[in-house]
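Observations on the three-dimensional arrangement
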Amino acid sequence: MKTHVKPDATPADKANDKACAKPERAIAHDCVLCGCCMELCPLFAATGREELSPRAKALLAGPSKFSAATLDENAVAELASLCLACGKCEKLCPQGVSVPKLVAALRAKHPDFRQWLWQQWITRLAPFWSLAARGAVLVPDMLAPAGLGLALKGLRGLRPGNGLRPWLTVTKFPAEAFRQQYGDRPVVLFDGCVGSGPRKVWAHTARFLLRGLGANLAEAAFSCCGSTLGVAGLPEDQDRARRANVDAWRKAGRPLLATSCATCRKGLADYVGAGLFADADEEKTWAEAVAPLSALLTGAQAKVGRGAPTIVGWHRSCHVDPQDSDFKLVSSLLGTRLRAPAKANCCGFGGIMQLSAPELSTKVGAACWEALDGALGFSAAPEVVGAFVLTGCSGCVMQLAATAPEQAQVGHWLEIVKTD
Ligand code: SF4
Ligand code: SF4
């Protein structure tokens, strides 16, 4: 039987794939209700509710002849917009249906106060995130405004000074391989909203690693990559952010764009095909310029120092690059100490979804921690195995911190790297 995994599916997606054949007779709308997308949807898996599955969303949000024209439009929009935008469904859809895009369009058509809140948070309040993270510690859970408890917990986890203690020393940089591939081409680090705000240590470490490679470091004034704005149904804000970033990249001489957040990388890669470039050559240059920092470090060697946990968990972001570069790098540096669940679970963040449906977001987060526990065994032997989990995405760090069991430690892989 033929499979329909998209070329950008990660190895974990492929491992999770089930063979799905096109039905013999396709119907007018793109979605043929085959259900291939169902098995990997984290929302459906955590709740067992078919109405939250991607198939239901495609049915409700699309212009299908099955569309629920007789149902209340606002209720349909509310239901169909309960989506984490993880993209697992679109990688498996034989018809090329992008449920996250359908949902984003639906959210744009039915704006509400949560979008306004998200828009303010991302576009206006980013410079104050560090302050907000410190302030979140002062708000007890019971006094958290309705629906914001989970977001506040995630914010607390990001407060400056609350990161992991570093214990990994890089002993060899693949500088020669880097020089051969990129020569003297300037490299700019795309810090991301968290890396340029409450977790400046990520940007500090990322620049240290780039210097170790001998990169010709340049600077550019980037804003949010825009992906979270698009997902939230704010296409104009997304377009503005994207255009500002392309301009900043041009002004910096079209450098290589090293990214340390998986979701930022995907957000930047998605600029291709969005009508943002002067011509096809410039678009191709952009597509080739966006690179995960971890991929640039392939071949690095490191020494594990004192204080390192005996077992380290790995959470794979849904937006990981097709080569799974973060995991490849970190597992090459940590060896068998690093363990990851066989199935790539979504953390349950989903940007605006954390605000819209915190109870669903928490449920997906709990399933993710259960899978991590299965791989690490920290609840069976808490005195031997601490729950210590690394990832490569800023949204995942926030959500895992918000849903973590007591005493768990969560951070970006950059936090364990020593820079002195
Ligand atoms: S969205 Fe794609 S995979 Fe899901 S039911 Fe429709 S056609 Fe099948
Ligand atoms: S994007 Fe993720 S959460 Fe949304 S429908 Fe698809 S698989 Fe489910």
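The preceding data block contains the structure.
Conventions used here
- Residues numbered from 1 in each chain as written.
- Chains lettered and ligands numbered in written order.
- Predicted model: local features only at pLDDT ≥ 70, side-chain atom pairs only at ≥ 80, totals over all residues.
- Heavy atoms only, no water.
- Helix = DSSP H or I, 4+ residues; strand = E, 2+ residues; numbered from the N terminus.
- Expected span 1.5 Å × (residues − 1).
- Buried < 20%, exposed > 50% of the residue type's maximum accessible area, 1.4 Å probe, protein only.
- Near = heavy atom within 4 Å.
- Nonpolar A, V, L, I, M, F, W, Y, C, P; charged D, E, K, R; others polar.
- Patch = residues over 30% accessible without salt bridge, like charges linked within 9 Å, V, L, I, M, F, W, Y side chains within 5 Å.
- Areas by Shrake-Rupley, 256 points an atom, 1.4 Å probe, with all protein chains shown as cover.
- Salt bridge = Lys/Arg side-chain N within 4 Å of Asp/Glu carboxyl O.
- Phe/Tyr/Trp six-rings, centres within 6.5 Å; stacked < 30°, edge-to-face > 60°.
- Lys NZ or Arg CZ within 6 Å of the ring centre and 35° of its normal.
- Contact = heavy atoms within 4.5 Å.
- Pairing = 2+ DSSP bridges.
- Axes fitted to C-alpha atoms, helices over the stretch in contact; angles between N-to-C directions.

1. A closer look at helix α7 (residues 113-124)
Relative to the 16 Å expected for 12 residues at 1.5 Å per residue, α7 spans 16 Å between its end C-alpha atoms, a close match to the ideal helical length. If you check which residues of α7 are buried, you get Arg 114, Gln 115, Trp 118, Gln 119, Gln 120 and Ile 122.

2. Section: the site of ligand 1
The local shell around ligand 1 consists of Cys 31, Val 32, Leu 33, Cys 34, Gly 35, Cys 36, Cys 37, Arg 55, Cys 93, Pro 94, Gln 95 and Val 97. Grouping the constituent residues of the shell around ligand 1 by class yields 9 nonpolar, 2 polar and 1 charged.

3. Digging into unusual backbone geometry
The backbone phi angle of Leu 33 is positive, close to 60 degrees, even though this residue is not glycine. Its location among the elements puts Leu 33 in the loop between α1 (11-16) and α2 (42-47). Note on Leu 33: relative accessible area 27%, which makes it partly exposed. In this structure, Arg 254 takes a positive phi of about 50 degrees despite not being glycine. Positionally, Arg 254 belongs in the loop between α14 (235-251) and β4 (256-259). Since its relative accessible area comes to 34%, Arg 254 is described here as partly exposed.

4. Structural notes on a nonpolar patch on the surface
Side chains of Phe 113, Trp 116 and Leu 117 sit close together on the surface and give an oily, nonpolar patch of about 350 Å² of accessible area. Tracing the backbone shows Trp 116 in helix α7.

5. A look at the packing of aromatic side chains
The relation between two aromatic rings is expressed through the spacing of the ring centres and the mutual angle of the planes. Under the defined criterion, the tally for this structure stands at 11 aromatic pairs. When the centroid spacing of 6.4 Å and the interplanar angle of 85 degrees are considered together, the rings of Trp 249 and Phe 277 count as edge-to-face. Here the residue Trp 249 occupies a position in helix α14, and Phe 277 occupies one in the loop between α15 (262-269) and α16 (280-289), the gap between them amounting to 28 residues. Relative accessible area serves as the criterion here: at 13%, Phe 277 is assigned to the buried category. Against the face of Phe 327 rests Arg 316, its NZ or CZ located 4.6 Å from the ring centre.

6. Focus: the side chain of Ser 227
Mapped onto the elements, Ser 227 comes out in helix α13 (residues 227-231). When neighbours within four sequence positions are excluded, Ser 227 is seen to be in contact with Gln 238, Thr 263 and Gly 267.

7. Observations concerning the sheet that holds strand β3 (residues 216-218)
Ordered in space as β3-β2-β4-β5, the 4 strands form an open sheet in which the pairing is parallel. The sheet is open, and its two edges are formed by β3 and β5 (290-292), each paired on a single side. Averaged over all pairs of adjacent strands, the angle between their axes in this sheet comes to 40 degrees, without regard to strand direction. With 3 bridges joining them, β4 and β5 adopt parallel strand pairing. Its bridge partner being in β5, Ala 258 is matched across the sheet by Ala 291.

8. Some remarks on the pattern of salt bridges
Two side chains of opposite charge can pair, provided their charged atoms sit close to one another. By the definition in use, this model includes 15 salt bridges. A salt bridge links Arg 179 to Glu 176, with the nearest nitrogen and oxygen atoms 2.8 Å apart. Of this pair, Arg 179 and Glu 176 both sit in helix α10 (residues 175-182), 3 residues apart, which is roughly one turn of that helix. In this structure Arg 179 comes out as partly exposed when scored by relative accessible area, which is 49%. Take Glu 176: its relative accessible area is 42%, and that puts it in the partly exposed class.

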